[in-house]
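Residues per chain, in single letters:
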There are 4 protein chains.
Amino acid sequence: MSAYKTLKEETYEANMRLPELGLVLFTFGNASAVDRNKGVFAIKPSGVPYADLKVEDIVICDFDANVVEGSMRPSSDTKTHAVLYKEWNEIGGVVHTHSTYATAWAQALKDIPIFGTTHADHLTSDIPCAPPMKDDYIQGDYEHMTGYQIIDCLKERGFDHNEVEMILVGNHAPFTWGKTAHKAVYNSAVCEEVAKMAHLTLQINPNAKQLKEALKKKHFERKHGGNSYYGQE
Amino acid sequence: MSAYKTLKEETYEANMRLPELGLVLFTFGNASAVDRNKGVFAIKPSGVPYADLKVEDIVICDFDANVVEGSMRPSSDTKTHAVLYKEWNEIGGVVHTHSTYATAWAQALKDIPIFGTTHADHLTSDIPCAPPMKDDYIQGDYEHMTGYQIIDCLKERGFDHNEVEMILVGNHAPFTWGKTAHKAVYNSAVCEEVAKMAHLTLQINPNAKQLKEALKKKHFERKHGGNSYYGQE
Amino acid sequence: MSAYKTLKEETYEANMRLPELGLVLFTFGNASAVDRNKGVFAIKPSGVPYADLKVEDIVICDFDANVVEGSMRPSSDTKTHAVLYKEWNEIGGVVHTHSTYATAWAQALKDIPIFGTTHADHLTSDIPCAPPMKDDYIQGDYEHMTGYQIIDCLKERGFDHNEVEMILVGNHAPFTWGKTAHKAVYNSAVCEEVAKMAHLTLQINPNAKQLKEALKKKHFERKHGGNSYYGQE
Amino acid sequence: MSAYKTLKEETYEANMRLPELGLVLFTFGNASAVDRNKGVFAIKPSGVPYADLKVEDIVICDFDANVVEGSMRPSSDTKTHAVLYKEWNEIGGVVHTHSTYATAWAQALKDIPIFGTTHADHLTSDIPCAPPMKDDYIQGDYEHMTGYQIIDCLKERGFDHNEVEMILVGNHAPFTWGKTAHKAVYNSAVCEEVAKMAHLTLQINPNAKQLKEALKKKHFERKHGGNSYYGQE
């Protein structure tokens with residue numbers, strides 16, 4: 001029996017949530033989960049429809065994106081996941097989708113402005129849109145560089161990946177992460193909903209203003225940090 | 001057996017209707033129901049996914065938001081519900097959601113204009129958007145003050161909470177209420193549908209005008225008051 | 001056993017199709033079917049949720065909107081249906097909904113322009129929007145006058161109700177009709193889909209032009225008249 | 001037993017996928033599959049609701065659109081399918097829908113701009129919109145000429161039908177094709193999703209620019225050609 005059985009199950013379940021939440025069409029998305037002790041992560045195989053996906057199809061890779069276990073080819077985005085796990089020790093899961101509204105913002109090359117508390121419950125800044133990669137990087141090790149495109153964008157903005165758990169890759173689509181694969185999936189759904197609300201907000205009021213600081217802070221602290229009082233813990 | 005069994009069941013059912021009606025993502029919403037004789041209301045526990053919610057998880061609180069019965073922490077919005085029950089004797093239920101279109105109007109800081117009879121069947125004015133709270137109130141007892149933000153907005157507009165049973169809290173999201181929790185849930189769905197229709201109306205005709213008085217009056221009176229002739233009672 | 005059993009069943013099924021097709025929220029809609037030989041039509045009772053509706057709840061009325069059989073109060077729009085059946089001998093069914101996109105066009109007081117063959121497969125003109133009623137008519141026998149509002153609008157435009165089987169009532173919502181209740185339900189879904197497509201067309205191209213005459217004619221004739229070649233008859 | 005049993009089953013399944021994917025309302029669409037050895041294709045009968053469709057209803061036609069086997073009348077669009085099969089030897093399936101967003105672009109007479117990698121994963125150019133047909137062609141053999149309208153548009157743009165597998169027919173709706181009927185159905189869903197994303201992209205940023213060449217090339221080559229590395233083959 002595989003030493004990675006539990007990790008594969010967690011990853012399978014995270015992946016299966018994506019079509020349930022309406023975040024992927026066909027195979028346009030993938031979720032992964034990490035096992036820090038074993039130094040590996042588990043990811044969806046490339047191009048397998050969700051309806052056909054089985055736990056045993058999940059592929060195990062190391063943080064240089066080498067396959068450790070599995071008979072199928074891993075997701076074509078595997079190197080991006082690997083870079084994020086390697087650079088960010090605190091994250092436990094990564095998700096990539098082409099969800100409709102978040103992808104539209106990425107195609108528009110626009111950050112998603114923070115207009116309300118739905119957004120502030122999850123992060124206190126706009127959701128950043130990383131500018132498209134330089135041509136020589138695209139022609140090189142593209143998916144590997146996509147990882148650094150994400151990391152560099154957060155650095156340039158001065159954002160902490162433990163507080164900002166979602167990004168738009170310009171002209172491409174969103175990536176999200178979190179303490180667990182489950183949380184990364186949750187963040188993908190939040191990103192899509194916030195993207196839709198922000199679009200509608202600007203349609204209704206093209207001069208809509210960002211949420212004021214006091215509300216950003218209050219709502220984020222309701223859910224995060226030592227004085228949080230949301231949920232049961 | 002709990003003395004609040006029926007109240008908990010009513011509250012459980014009202015909460016479960018919210019995801020069924022497409023009004024909440026994850027845990028972004030809560031419904032409560034009151035028992036005026038016992039001086040308590042029942043509300044969803046904080047942060048519990050709807051799929052996991054059970055009748056016995058429902059928390060009983062008094063009108064100062066103290067927990068009277070229940071092992072879980074009540075919704076983080078409990079104080080807002082408490083204020084509304086305390087100030088408005090006639091209401092039997094309160095609902096809060098972050099439904100997509102109503103929240104977009106709240107984020108846009110715009111009242112939802114009354115453009116048609118779907119709206120006028122339920123209220124004869126625009127759906128008001130309460131302006132964001134002052135910073136010192138946000139830093140103080142925020143959820144308690146949200147209750148007064150709602151009450152004050154209605155007062156300033158000269159609206160009766162028995163006739164206007166829904167409001168947008170600016171930069172946040174809608175709150176609705178009604179004679180029962182079931183009616184408050186119904187009003188949340190009406191608010192979302194009317195919000196979507198009003199958005200589309202302005203997209204189609206940016207110069208769209210409010211419904212004329214005679215139609216507002218006629219449609220409201222079809223459903224409300226002594227000469228109503230809608231429904232079976 | 002009721003002499004109207006078959007008529008009630010037909011009407012029940014037509015009504016139940018409305019929520020299935022996503023055309024009604026709660027009780028915001030009603031379908032009726034006529035029996036010309038008996039001089040009656042059958043219609044949904046007022047305010048009864050679709051989930052609770054039963055065949056035996058369906059109410060039988062004459063063409064002056066008097067109840068002939070049934071223990072429940074008929075739809076509040078019954079007089080509008082009655083007028084249409086009385087004036088237009090060829091129609092067998094009438095449907096009223098507040099479907100989202102068609103209602104938005106009605107609230108915008110705009111005809112739905114004929115932009116493509118999806119529209120032309122069903123009618124060769126814009127879908128007309130009847131202007132709001134005069135105040136004294138609203139204060140009078142409102143639902144009765146709504147019937148004439150529809151009939152008069154078609155007359156003024158020079159439209160034949162056998163060819164144009166759908167209309168928007170300004171600031172209110174769509175009404176449709178057809179040879180059968182089933183066809184009237186079908187027309188309600190077509191009206192909503194065409195309304196959505198026309199809205200999106202103008203969003204994509206604010207200068208979009210109406211379909212040219214040759215295409216209007218060709219597509220309508222594919223489905224209607226002696227030389228039609230669509231379907232199996 | 002029919003010599004075309006397998007072909008009919010493939011065609012039936014392709015057709016049934018269309019409502020499942022939300023691409024057709026009522027009977028507004030059709031899928032076909034070819035058997036090159038037998039020189040025939042199988043297509044949906046005209047006007048039959050998907051809920052009633054059976055494998056044995058599927059009609060077999062030759063490449064001049066003559067019925068070879070089947071008791072029902074084939075789709076009114078059969079001649080368009082026939083022309084495409086006759087002219088393009090490599091294709092195995094053709095699909096026509098009136099899916100909402102793609103049809104809106106067709107009604108707007110606009111190509112769908114390539115704004116992101118979701119689009120570039122499938123084709124490296126805008127999705128072309130063929131201009132409406134000349135009036136005398138419409139009055140002539142309309143569906144036959146629709147086939148040439150599609151073929152001519154691709155020729156004028158210098159597009160290869162093996163690389164561009166989808167088109168909008170101006171004022172009408174999309175047609176897609178592919179190596180198999182299954183792939184043609186897949187392309188219809190991709191076309192609709194890309195149409196929706198492009199619409200939203202322009203709503204968010206009216207000055208949105210096309211994807212740059214390096215990204216177009218990279219994403220297309222991930223999925224197509226000798227160096228592709230997407231999927232399991």
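Residues numbered from 1 in each chain as written. Chains lettered and ligands numbered in written order. Predicted model: local features only at pLDDT ≥ 70, side-chain atom pairs only at ≥ 80, totals over all residues. Heavy atoms only, no water.

As named in an unreviewed UniProt entry, chain A is L-ribulose-5-phosphate 4-epimerase, taken from Euzebyella marina. What UniProt states about chain A under its Catalytic activity (unreviewed entry) heading is, verbatim, "L-ribulose 5-phosphate = D-xylulose 5-phosphate". Entered under Cofactor (unreviewed entry) in the UniProt record, the comment concerning chain A runs "Zn(2+)". (UniProt positions renumbered as here; feature names shortened; annotations may be inferred.)

> A description of the overall build of chain A should follow, citing residues and the corresponding values.
When helices and strands are tallied, chain A shows 8 helices and 8 strands. If one aligns the C-alpha atoms of chain A with their principal axes, the spans along those axes are about 55 × 45 × 30 Å. For chain A, contacts bridging at least 24 residues in sequence account for 62% of all contacts bridging at least 6. When the accessible area of chain A is evaluated, it comes to approximately 8800 Å², of which 48% is carbon and sulfur surface. With 24 positive and 31 negative side-chain charges, chain A shows a spacing of 5 Å between the two charge centroids. (Helix = DSSP H or I, 4+ residues; strand = E, 2+ residues; numbered from the N terminus. Contact = heavy atoms within 4.5 Å. Areas by Shrake-Rupley, 256 points an atom, 1.4 Å probe, with all protein chains shown as cover. Lys, Arg positive; Asp, Glu negative; His and termini not counted. Charge placed at Lys NZ, Arg CZ, Asp CG, Glu CD.)

> So what's going on with the interface of chain A and chain D? Which residues, and what values?
It is common to report an interface's size as the accessible area lost on association of the parts. Taken together, the contacts link 35 residues of chain A with 35 residues of chain D. Considering only the surface of chain A that becomes buried against chain D, F26(A), R73(A) and Q107(A) emerge as the three largest contributors, covering 21% of it. At the boundary of chain A and chain D, one finds 3 salt bridges. Linking D135(A) and K212(D) is a salt bridge whose minimum nitrogen-to-oxygen distance equals 2.9 Å. Where chain A packs against chain D, one counts 21 residue pairs in polar contact (both at pLDDT 80 or more). Those elements giving two or more residues to the side of chain A that touches chain D turn out to be α3 (100-107), α5 (135-139), α6 (142-157) and α7 (181-204) of chain A. Looking at the side of chain A that touches chain D element by element, the count peaks at 6 residues for α3(A). (Buried area = accessible area lost by both parts, 1.4 Å probe. Salt bridge = Lys/Arg side-chain N within 4 Å of Asp/Glu carboxyl O. Polar contact = N/O pair within 3.5 Å; in protein donor to acceptor, adjacent residues only side chain to side chain.)

> Account for the environment of K183(B), naming residues and giving values.
Residues and elements named next belong to chain B. Examined against the element boundaries, K183 turns out to sit in helix α7 (residues 181-204). Taking relative accessible area as the criterion, K183 reaches 27% and is therefore assigned partly exposed. The spatial distance from the C-alpha of K183 to the C-alpha of V94 is 8.9 Å, given a sequence separation of 89 residues. Beyond its immediate chain neighbours, meaning those up to four positions away, K183 contacts E165 and G178. Of note is the side chain of K183, whose polar atom sits 3.0 Å from the side chain of E165. (Buried < 20%, exposed > 50% of the residue type's maximum accessible area, 1.4 Å probe, protein only.)

> I'd like a description of the relation of the copies chain A and chain D, backed by residues and values.
You can overlay chain A on chain D at an RMSD of 0.0 Å; the transform is a turn of 90° with a shift of 0.0 Å along its axis. In short, the pair behaves as if placed about a four-fold rotation axis. No C-alpha of chain A lies nearer the rotation axis than that of Q203(A), which sits 5.7 Å from it. A distinct binding surface is used by each copy, with only 3% of the interface residues of chain A retained as interface residues in chain D. (Least-squares fit on C-alpha atoms with pLDDT ≥ 70 in both.)

> So what about the pattern of salt bridges? Which residues, and what values?
All names here are of chain B. One pass over the full model with this rule turns up 52 salt bridges over all chains. K79 is the partner of D141 in a salt bridge, and the nearest nitrogen-oxygen pair spans 3.1 Å. Placement of D141 in the loop between α5 (135-139) and α6 (142-157) and of K79 in helix α2 (residues 78-87) is noted, with a sequence separation of 62 residues between them. Overall, D141 belongs to the partly exposed group, its relative accessible area being 34%.

> Hey, could you go over the sheet that holds strand β6 (residues 129-130) of chain C for me, with residue numbers and the actual values?
Residue and element names in this part refer to chain C. Reading across from one edge, β4-β3-β2-β1-β5-β8-β7-β6 is the order of the 8 strands in this open sheet, with mixed pairing throughout. Each of the sheet's edge strands pairs with one partner strand only, and the pair in question is β4 (67-69) and β6. Bridge analysis of strand β1 (residues 29-35) against strand β2 (residues 40-43) gives 4 bridges, and the strand direction is antiparallel. Residue pairing in the sheet places D35 in a bridge with V40 of β2. Its contacts with the sheet put helix α3 (residues 100-107) on β6, β7 (166-169) and β8 (174-178), and the angle it makes with β7 is roughly 55°. (Pairing = 2+ DSSP bridges. Axes fitted to C-alpha atoms, helices over the stretch in contact; angles between N-to-C directions.)

> Any details on unusual backbone geometry? Residues and values, ideally.
Residue and element names in this part refer to chain A. Positive phi, normally seen in glycine, also occurs at N171, with a value near 65°. Note that N171 resides in the loop between β7 (166-169) and β8 (174-178). Take N171: its relative accessible area is 4%, and that puts it in the buried class.

> Please set out the packing of aromatic side chains residue by residue, giving values where relevant.
Applying the stated criterion across every chain, the model contains 24 aromatic pairs over all chains. Judged by centre distance (6.2 Å) and plane angle (70°), the ring pair of F26(A) and F28(A) falls under edge-to-face. With a centroid separation of 4.7 Å and 55° between ring planes, the pair formed by W88(C) and W177(C) is classed as tilted. Separated by 89 residues along the polypeptide, W88(C) in the loop between α2 (78-87) and β5 (93-97) and W177(C) in strand β8 bring together distant segments of the chain. Residue classification places W177(C) among the buried residues on the basis of a relative accessible area of 0%. Directly above the aromatic system of Y50(B) lies the positively charged group of K44(B), at a separation of 5.0 Å from the ring centroid. Over the ring of Y230(D) we find K223(D); its NZ or CZ atom is 4.3 Å from the centre of that ring. (Phe/Tyr/Trp six-rings, centres within 6.5 Å; stacked < 30°, edge-to-face > 60°. Lys NZ or Arg CZ within 6 Å of the ring centre and 35° of its normal.)

> Let's hear about the pairing of strand β8 (residues 174-178) of chain B: which residues, and what values?
Residues and elements named next belong to chain B. Of all 5 residues that make up β8, 5 are buried, and the element is covered over most of its length. Because side chains alternate across β8, one face comprises the buried residues P174, T176 and G178, and the other comprises F175 and W177, equally buried. Sheet topology places strand β5 (residues 93-97) next to β8; 4 bridges connect them, and they run antiparallel. From the neighbouring strand, H96 faces β8, where its bridge partner is F175. With 3 bridges joining them, strand β7 (residues 166-169) and β8 adopt antiparallel strand pairing. In the strand pairing of β8, I167 is matched with F175. Linking β7 to β8, which pair antiparallel, is a turn of 4 residues; within it N171 sits at a positive phi near 65°.

> With reference to specific residues and values, describe the pairing of β7(B).
Residues and elements named next belong to chain B. Burial of the side chains of β7 extends over both faces: M166 and L168 are buried on one face and I167 and V169 on the other. Two strands pair when backbone bridges link them, and strand β6 (residues 129-130) and β7 are joined in this way by 2 bridges, in the parallel orientation. By the bridge assignment, A130 is partnered in β7 with V169.

> Explain the side chain of H172(B) to me, and be specific about the residues and the numbers.
Following the sequence through the fold, H172(B) ends up in the loop between β7 and β8. The buried category is assigned to H172(B), whose relative accessible area is 3%. Each residue touching H172(B), except ones within four places of it in the same chain, is listed here: T117(A), H219(A), H96(B), H98(B), T103(B), A106(B) and Y142(B).

> How would you explain the sheet that holds strand β1 (residues 29-35) of chain B if you had to name every residue and give the values?
Each strand in a sheet pairs with its neighbour through backbone hydrogen bonds, running either in the same direction (parallel) or in the opposite one (antiparallel). Residue and element names in this part refer to chain B. The strand order across the open sheet built from 8 strands is β4-β3-β2-β1-β5-β8-β7-β6, with neighbouring strands paired in mixed fashion. Strands at the two margins of the open sheet, each flanked by one partner only, are β4 (67-69) and β6. Along the sheet, α7 makes contact with β1, β5, β7 and β8, crossing β8 at roughly 140°.

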